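Residues per chain, in single letters:
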Amino acid sequence: MLLSLDVADREVVVAGGGAVAARRVRALLDSGARVTVISPEAGDDVTRLASHGDIRWERRRVRPEDLDGVWLAIAATDDPDVNLMVARWASDRRVWCVNSSDGFSTSARVAAVSRHGDLAVGVVSEGAPDPSRVARVRDSLGALLDEGQVDLRRVRGRRGRVVLVGSGPGSSDLITVRGARLLAEADVVVTDRLGATGLLAALPETVEVINVGKSPDNHPVPQHEINDILVDRARKGLTVIRLKGGDPFVFGRGGEEVHACVEADIPVEVVPGITSALSAPALAGIPPTQRGIAASVLITSGHAGPEPAVRAALGHGVTVIVLMGVAALPAFVEAALEEGADPSTPVAILESATTARERVTHGTVSDIVRIAGEMAVKPPAVIVIGKVAEPELLASALAATPRP
Ligand SMILES: C[S@@+](CC[C@H](N)C(=O)[O-])C[C@H]1O[C@@H](n2cnc3c(N)ncnc32)[C@H](O)[C@@H]1O
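Per an unreviewed UniProt entry, the protein chain goes by Uroporphyrinogen-III C-methyltransferase and derives from Demequina zhanjiangensis. You can read under Pathway (unreviewed entry) in the UniProt record for the protein chain the words "Porphyrin-containing compound metabolism; siroheme biosynthesis; sirohydrochlorin from precorrin-2: step 1/1."

Asks: Tell me about a nonpolar patch on the surface, and please be specific about residues and values.
Replies: A cluster of nonpolar side chains, F251, L278, V297, I299 and M324, forms an exposed patch at the surface whose accessible area comes to about 390 Å². Mapping M324 onto the fold places it in the loop between β14 (319–323) and α10 (329–338). Relative accessible area serves as the criterion here: at 39%, M324 is assigned to the partly exposed category.

Asks: Which residues make up the sheet that holds strand β11 (residues 239–244), and what are the values?
Replies: A sheet is described by the order of its strands in space; here five strands give the open sequence β10-β9-β11-β8-β12, paired in parallel fashion. Edge positions in the sheet fall to β10 (208–211) and β12 (268–271), since each has one partner strand and no second. Geometrically, the sheet is characterised by an average inter-axis angle of 20 degrees between neighbouring strands, direction not taken into account. Here strand β8 (residues 161–166) runs beside β12; their pairing, made up of four bridges, is parallel. For V162, the partnering residue across the bridge sits in β12 and is V268. Across the sheet, helix α6 (residues 223–235) is in contact with β8, β9 (188–191), β10 and β11; its angle to β11 comes to roughly 150 degrees.

Asks: I'd like a description of the site of the ligand, backed by residues and values.
Replies: Around the ligand, the surrounding shell holds 17 residues, and the nearest of these are V250, T275, S276, M324 and A381. One of the backbone nitrogen or oxygen atoms of V250 is found 2.7 Å away from a nitrogen atom of the ligand. Between M324 and the ligand, the recorded distance is 2.8 Å, taken from a backbone N or O atom to an oxygen atom. For the shell around the ligand, the per-class residue count stands at eleven nonpolar, five polar and one charged. Formed jointly, the shell around the ligand draws a minimum of three residues from each of two domains, domain 2 (161–274) and domain 3 (277–399).

Asks: Provide a residue-level description of the sheet that holds β14, including the pertinent values.
Replies: Pairing is mixed in the open sheet, where five strands are placed in the order β13-β14-β17-β15-β16. Two strands lie at the open edges of the sheet, namely β13 (297–301) and β16 (359–364), each paired on one side alone. Neighbour-to-neighbour, the strand axes of this sheet turn through a mean angle of 20 degrees, independent of strand direction. Bridging between β13 and β14 involves five bridges; their strand directions are parallel. Among the inter-strand pairings, L298 is bridged to a residue of β14, identified as V320. On the sheet, helix α9 (residues 308–315) packs against β13, β14 and β17 (381–385) and is oriented at approximately 140 degrees with respect to β13.

Asks: Describe the UniProt feature "domain: Peptidase A2" (unreviewed entry) in the protein chain, with residues and values.
Replies: Here the UniProt feature "domain: Peptidase A2" (unreviewed entry) sits at residues 25–39. Note that residues 25–39 is 40% helix and 33% strand, and that its end C-alpha atoms are spaced 13 Å apart.

What counts as what
Residues numbered from 1 in each chain as written. Predicted model: local features only at pLDDT ≥ 70, side-chain atom pairs only at ≥ 80, totals over all residues. Heavy atoms only, no water. UniProt positions renumbered as here; feature names shortened; annotations may be inferred. Patch = residues over 30% accessible without salt bridge, like charges linked within 9 Å, V, L, I, M, F, W, Y side chains within 5 Å. Areas by Shrake-Rupley, 256 points an atom, 1.4 Å probe, with all protein chains shown as cover. Salt bridge = Lys/Arg side-chain N within 4 Å of Asp/Glu carboxyl O. Helix = DSSP H or I, 4+ residues; strand = E, 2+ residues; numbered from the N terminus. Buried < 20%, exposed > 50% of the residue type's maximum accessible area, 1.4 Å probe, protein only. Pairing = 2+ DSSP bridges. Axes fitted to C-alpha atoms, helices over the stretch in contact; angles between N-to-C directions. Contact = heavy atoms within 4.5 Å. Near = heavy atom within 4 Å. Polar contact = N/O pair within 3.5 Å; in protein donor to acceptor, adjacent residues only side chain to side chain. Nonpolar A, V, L, I, M, F, W, Y, C, P; charged D, E, K, R; others polar. Domains from an automatic or database assignment.

Right under this line is the structure:
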């Protein structure tokens, strides 16, 4: 029978201090157990855990009375006879015992476990122990959950909630594992235009998808209506995933959506995402900071224009990253020159990063406006102004490296 034990704050004895015992101790600590290791000697891991006070370590041989009053015993010495003895003492006292050296004279077996939000997958072998086989099964099942391939919508105990999920710059495999898993719990997905929208195609047909995407001059659903949709659906007891491009809190209006939920007394959580501000440059081989070249980075929006903080950054060699900045590019370039930036300061424009329309355009403060015009650069784009955008720094080397 496969049971899930709550060992939090419960006394567990581990006989043995070697590698097997250390693995068991780690799992027990992860579950919040109070662990006593009993062993004349111990390996580095157990010794360090004891020195930090994470466990108690009694440096002696295990005795029958060590099992009095404990909830669980682990027999993990390197002597199978001792382990068998511990298993018997435990059985006499009606204490569940895992015998690590004999899968058959054991009253309990440890499942290979992986955790996925509020779900745990546990796999045990009911035949001869074969830990790596069991682990493979656990990993395969866990991967299905993490990749969002299992319908995780709640049937019982539903309470409406909103989760703001940052889905990254666009490519479906740049969403976080947590984000993908939560998407599989969605009753409703309220989606942006940018981000990992390719994932929507794989949702069950019964999931309601509401597209509230904006483009530069087209905001068909105003923000207050988006907030209302989130609150309204959650009030119906539904799990609402607000799928957002990049990170929810980087020019994503995530803060307003959180406020709307809090005001309406709707539980809300945020799953961070990989922002395009940093990932589009990274993928083009542009490090926003680089030792000896740029120690600071400023992320701004083209809508705000070159405000004083941006001007100061442009004049002091700080890397300036502009989102929503295609139309404002001439104003930023002009501000850079006015603030005394070298006209040869590199500029890179990264369009539609990680999508099929991805394109990288390089220039300098003096010629990027002309080049962008000739190339008909279009949003969405991230603009990087600063020495780190010099193609010879990393970008050329990375471009020349074949990708598998
Ligand atoms: C409203 S902001 C949202 C930013 C998002 N929250 C983030 O963290 O990436 C939209 C802007 O992000 C940038 N952007 C988003 N995805 C992009 C991508 N795949 N490639 C280039 N720029 C992108 C563009 O500047 C676009 O105009």
